[in-house]
Amino acid sequence: MKLRYIVLAIAGVLAVALVAAARWHLPLNPLAGGGSRTVTAGASKISIGGPFTLVTQAGKTVTDATFRGKYLLVYFGYTYCPDVCPTELAKIATVLDRLGPLAAAIQPLFVTVDPARDSPSVLASYVPQFYERLIGLTGTPAQIARIAKAYHVYYAKVEDKTSPGAYSMDHSAAVYLMGPKGEYLTMFSHQTGPDTMVKTLREYVKKTS
Ligand code: NI
(Lines give C-alpha, C1' and ligand atoms only; values in the text may rest on other atoms or scores of the structure.)
Protein backbone atom coordinates (compact mmCIF):
# COMPACT_ATOMS: atom_id res chain seq x y z
CA MET A 1 0.00 0.00 0.00
CA LYS A 2 2.76 2.40 0.87
CA LEU A 3 4.42 2.07 -2.55
CA ARG A 4 1.12 2.85 -4.19
CA TYR A 5 0.91 6.20 -2.40
CA ILE A 6 4.44 7.06 -3.44
CA VAL A 7 3.57 6.28 -7.07
CA LEU A 8 0.42 8.42 -6.82
CA ALA A 9 2.42 11.28 -5.30
CA ILE A 10 4.96 11.15 -8.14
CA ALA A 11 2.16 11.06 -10.71
CA GLY A 12 0.61 14.10 -9.04
CA VAL A 13 3.85 16.08 -9.15
CA LEU A 14 4.30 15.21 -12.84
CA ALA A 15 0.76 16.32 -13.65
CA VAL A 16 1.32 19.67 -11.94
CA ALA A 17 4.62 20.10 -13.82
CA LEU A 18 2.90 19.42 -17.16
CA VAL A 19 0.17 21.97 -16.48
CA ALA A 20 2.77 24.50 -15.37
CA ALA A 21 4.80 23.84 -18.51
CA ALA A 22 1.77 24.53 -20.66
CA ARG A 23 0.93 27.73 -18.78
CA TRP A 24 4.40 29.11 -19.21
CA HIS A 25 4.87 28.14 -22.82
CA LEU A 26 7.40 25.44 -22.09
CA PRO A 27 7.72 22.46 -24.36
CA LEU A 28 5.54 19.68 -23.02
CA ASN A 29 7.49 16.80 -24.40
CA PRO A 30 10.80 15.89 -22.79
CA LEU A 31 12.69 15.83 -26.07
CA ALA A 32 15.04 18.79 -25.70
CA GLY A 33 18.47 18.28 -27.14
CA GLY A 34 17.78 14.99 -28.88
CA GLY A 35 19.49 14.48 -32.21
CA SER A 36 17.36 11.67 -33.57
CA ARG A 37 14.07 11.90 -35.38
CA THR A 38 12.30 9.52 -33.05
CA VAL A 39 12.30 9.39 -29.30
CA THR A 40 11.72 6.28 -27.31
CA ALA A 41 8.99 6.68 -24.74
CA GLY A 42 8.31 3.45 -22.96
CA ALA A 43 7.89 0.77 -25.58
CA SER A 44 6.66 3.05 -28.37
CA LYS A 45 8.45 5.57 -30.55
CA ILE A 46 7.18 9.11 -30.90
CA SER A 47 7.67 10.64 -34.32
CA ILE A 48 7.70 14.40 -34.79
CA GLY A 49 6.53 16.10 -37.95
CA GLY A 50 4.71 14.73 -40.95
CA PRO A 51 2.40 15.75 -43.77
CA PHE A 52 0.49 19.04 -43.62
CA THR A 53 -1.48 21.34 -45.88
CA LEU A 54 -1.69 25.00 -44.85
CA VAL A 55 -1.99 28.51 -46.32
CA THR A 56 0.74 31.17 -46.24
CA GLN A 57 0.29 34.86 -45.40
CA ALA A 58 0.19 35.42 -49.19
CA GLY A 59 -2.82 33.10 -49.48
CA LYS A 60 -0.81 30.34 -51.17
CA THR A 61 -1.53 26.70 -50.30
CA VAL A 62 1.59 24.81 -49.28
CA THR A 63 2.37 21.33 -47.98
CA ASP A 64 5.32 19.79 -46.18
CA ALA A 65 6.62 18.74 -49.63
CA THR A 66 6.83 22.43 -50.65
CA PHE A 67 9.79 22.82 -48.29
CA ARG A 68 11.82 19.72 -49.21
CA GLY A 69 15.49 20.53 -49.58
CA LYS A 70 15.36 23.20 -46.87
CA TYR A 71 15.97 22.98 -43.17
CA LEU A 72 12.90 24.20 -41.32
CA LEU A 73 12.61 26.04 -38.04
CA VAL A 74 9.00 25.46 -37.05
CA TYR A 75 7.42 27.53 -34.31
CA PHE A 76 3.78 27.43 -33.18
CA GLY A 77 2.09 30.48 -31.70
CA TYR A 78 -0.41 33.23 -32.46
CA THR A 79 -0.24 36.89 -33.42
CA TYR A 80 -2.20 38.14 -30.40
CA CYS A 81 0.34 36.54 -28.04
CA PRO A 82 1.45 39.33 -25.70
CA ASP A 83 4.97 38.19 -24.86
CA VAL A 84 6.34 34.74 -25.59
CA CYS A 85 5.66 34.57 -29.32
CA PRO A 86 7.22 37.95 -30.14
CA THR A 87 10.24 37.04 -28.00
CA GLU A 88 10.66 33.66 -29.70
CA LEU A 89 10.22 35.05 -33.21
CA ALA A 90 12.72 37.83 -32.48
CA LYS A 91 15.14 35.18 -31.22
CA ILE A 92 14.73 33.14 -34.42
CA ALA A 93 15.45 36.30 -36.46
CA THR A 94 18.56 37.06 -34.40
CA VAL A 95 19.83 33.50 -34.83
CA LEU A 96 19.28 33.53 -38.61
CA ASP A 97 20.99 36.92 -38.93
CA ARG A 98 23.98 35.58 -37.04
CA LEU A 99 24.21 32.49 -39.25
CA GLY A 100 25.02 34.67 -42.25
CA PRO A 101 25.04 32.78 -45.59
CA LEU A 102 24.15 29.48 -43.87
CA ALA A 103 20.72 30.95 -43.08
CA ALA A 104 19.80 30.62 -46.76
CA ALA A 105 19.44 26.85 -46.21
CA ILE A 106 16.92 27.42 -43.42
CA GLN A 107 13.26 28.36 -43.83
CA PRO A 108 11.58 29.66 -40.66
CA LEU A 109 7.85 28.88 -40.30
CA PHE A 110 5.36 30.41 -37.89
CA VAL A 111 2.28 28.19 -37.57
CA THR A 112 -0.70 29.79 -35.86
CA VAL A 113 -2.61 27.90 -33.20
CA ASP A 114 -5.35 30.56 -33.44
CA PRO A 115 -6.70 30.16 -37.00
CA ALA A 116 -9.98 31.86 -36.05
CA ARG A 117 -8.18 35.21 -35.75
CA ASP A 118 -4.96 34.62 -37.67
CA SER A 119 -6.12 34.88 -41.27
CA PRO A 120 -3.53 35.19 -44.05
CA SER A 121 -3.94 38.99 -44.00
CA VAL A 122 -3.42 39.19 -40.23
CA LEU A 123 -0.29 37.05 -40.62
CA ALA A 124 0.85 39.24 -43.53
CA SER A 125 0.96 42.31 -41.30
CA TYR A 126 2.66 40.40 -38.49
CA VAL A 127 5.42 38.09 -39.73
CA PRO A 128 7.50 40.64 -41.72
CA GLN A 129 7.95 42.64 -38.51
CA PHE A 130 10.26 39.89 -37.31
CA TYR A 131 12.11 38.51 -40.33
CA GLU A 132 11.81 39.13 -44.03
CA ARG A 133 11.76 35.46 -45.01
CA LEU A 134 9.53 34.26 -42.16
CA ILE A 135 6.50 32.42 -43.53
CA GLY A 136 3.29 32.54 -41.53
CA LEU A 137 0.96 29.57 -41.90
CA THR A 138 -2.72 29.22 -41.10
CA GLY A 139 -5.51 26.86 -42.10
CA THR A 140 -8.80 25.40 -41.04
CA PRO A 141 -9.10 24.39 -37.39
CA ALA A 142 -8.79 20.76 -38.53
CA GLN A 143 -5.61 21.47 -40.51
CA ILE A 144 -4.07 23.26 -37.53
CA ALA A 145 -5.11 20.45 -35.20
CA ARG A 146 -3.46 17.96 -37.52
CA ILE A 147 -0.06 19.67 -37.69
CA ALA A 148 -0.11 20.44 -33.96
CA LYS A 149 -0.72 16.76 -33.28
CA ALA A 150 2.07 15.75 -35.66
CA TYR A 151 4.51 18.02 -33.77
CA HIS A 152 3.12 17.17 -30.33
CA VAL A 153 2.24 20.79 -29.74
CA TYR A 154 -0.18 21.62 -26.97
CA TYR A 155 -2.60 24.54 -27.42
CA ALA A 156 -5.84 25.56 -25.75
CA LYS A 157 -8.15 28.54 -25.80
CA VAL A 158 -8.37 30.49 -22.52
CA GLU A 159 -11.41 32.75 -22.20
CA ASP A 160 -10.80 36.18 -20.71
CA LYS A 161 -13.46 36.41 -18.02
CA THR A 162 -13.14 40.18 -17.65
CA SER A 163 -13.90 40.92 -21.30
CA PRO A 164 -16.63 39.06 -23.22
CA GLY A 165 -15.42 37.35 -26.39
CA ALA A 166 -11.75 38.00 -25.62
CA TYR A 167 -9.38 35.10 -25.23
CA SER A 168 -5.77 34.08 -25.26
CA MET A 169 -4.13 30.80 -26.25
CA ASP A 170 -2.04 28.60 -24.03
CA HIS A 171 0.54 26.85 -26.15
CA SER A 172 3.87 25.10 -25.98
CA ALA A 173 6.73 27.15 -27.34
CA ALA A 174 9.37 24.82 -28.72
CA VAL A 175 11.19 25.54 -31.97
CA TYR A 176 11.61 22.40 -34.08
CA LEU A 177 14.48 21.87 -36.48
CA MET A 178 13.49 19.68 -39.39
CA GLY A 179 15.89 18.39 -42.02
CA PRO A 180 15.79 18.69 -45.84
CA LYS A 181 13.75 15.49 -46.19
CA GLY A 182 11.21 16.63 -43.63
CA GLU A 183 12.82 14.60 -40.87
CA TYR A 184 12.94 15.73 -37.25
CA LEU A 185 16.45 16.70 -36.14
CA THR A 186 16.15 18.45 -32.80
CA MET A 187 14.19 21.02 -30.87
CA PHE A 188 14.95 24.15 -28.91
CA SER A 189 13.05 25.13 -25.83
CA HIS A 190 11.86 28.57 -24.84
CA GLN A 191 14.93 28.76 -22.58
CA THR A 192 17.48 27.87 -25.27
CA GLY A 193 19.57 30.98 -25.85
CA PRO A 194 20.56 32.31 -29.30
CA ASP A 195 24.22 31.25 -28.83
CA THR A 196 23.26 27.60 -28.40
CA MET A 197 20.85 27.78 -31.32
CA VAL A 198 23.47 29.30 -33.64
CA LYS A 199 26.02 26.65 -32.64
CA THR A 200 23.59 23.75 -33.04
CA LEU A 201 22.26 24.99 -36.38
CA ARG A 202 25.80 25.45 -37.72
CA GLU A 203 26.57 21.84 -36.83
CA TYR A 204 23.45 20.43 -38.46
CA VAL A 205 23.51 22.53 -41.60
CA LYS A 206 27.24 22.03 -42.21
CA LYS A 207 26.98 18.30 -41.67
CA THR A 208 24.58 17.71 -44.50
CA SER A 209 24.86 20.61 -46.94
NI1 NI B 1 2.68 32.73 -27.52
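All figures in this text were calculated on a predicted structure; none of them were measured in a lab. (Residues numbered from 1 in each chain as written. Predicted model: local features only at pLDDT ≥ 70, side-chain atom pairs only at ≥ 80, totals over all residues. Heavy atoms only, no water.)

Chemist: Describe the nonpolar core, naming the residues involved and giving the relevant values.
Modeler: Core analysis: the largest hydrophobic core is formed by 58 residues, its most contacted members being L73, V74, Y75, F76, Y151 and Y176. Tallying contributions element by element places helix α2 (residues 84–99) first for this core, with eight residues. Excluding its chain neighbours within four sequence positions, the residues that come into contact with F76 are V111, V113, I147, A148, Y151, V153, H171, S172 and Y176. (Core = buried A, V, L, I, M, F, W, Y, C linked by side-chain atoms within 4.5 Å. Buried < 20%, exposed > 50% of the residue type's maximum accessible area, 1.4 Å probe, protein only. Helix = DSSP H or I, 4+ residues; strand = E, 2+ residues; numbered from the N terminus. Contact = heavy atoms within 4.5 Å.)

Chemist: Describe the side chain of R117, and please don't skip the residues or the numbers.
Modeler: Among the secondary structure elements, R117 is positioned in the loop between β6 (106–112) and α3 (120–124). Polar contacts involving the side chain of R117 include one to the side chain of D114, which spans 2.7 Å. Those residues in contact with R117 that sit more than four places away from it in its chain are Y78, Y80, V122, Y167 and S168. (Polar contact = N/O pair within 3.5 Å; in protein donor to acceptor, adjacent residues only side chain to side chain.)

Chemist: Before we move on, could you go through the sheet that holds strand β10 (residues 175–178) and cite the residues and values that matter?
Modeler: The strand order β4-β3-β7-β6-β5-β10-β11 describes an open sheet built from seven strands, whose pairing is mixed. Edge strands, defined here as strands with exactly one partner in the open sheet, are β4 (61–63) and β11 (184–188). On average, each strand axis in the sheet is inclined to that of its neighbour by 35 degrees, with strand direction left out of account. Bridge count between strand β5 (residues 71–77) and β10: four bridges; the pairing is antiparallel. The residue bridging L73 from the neighbouring strand is L177, located in β10. Its contacts with the sheet put α2 on β5, β6 and β10, and the angle it makes with β5 is roughly 165 degrees. Of the strands in this sheet, β3 (53–56), β5, β6 and β7 (135–138) are in contact with helix α4 (residues 141–150), which crosses β3 at around 115 degrees. (Pairing = 2+ DSSP bridges. Axes fitted to C-alpha atoms, helices over the stretch in contact; angles between N-to-C directions.)

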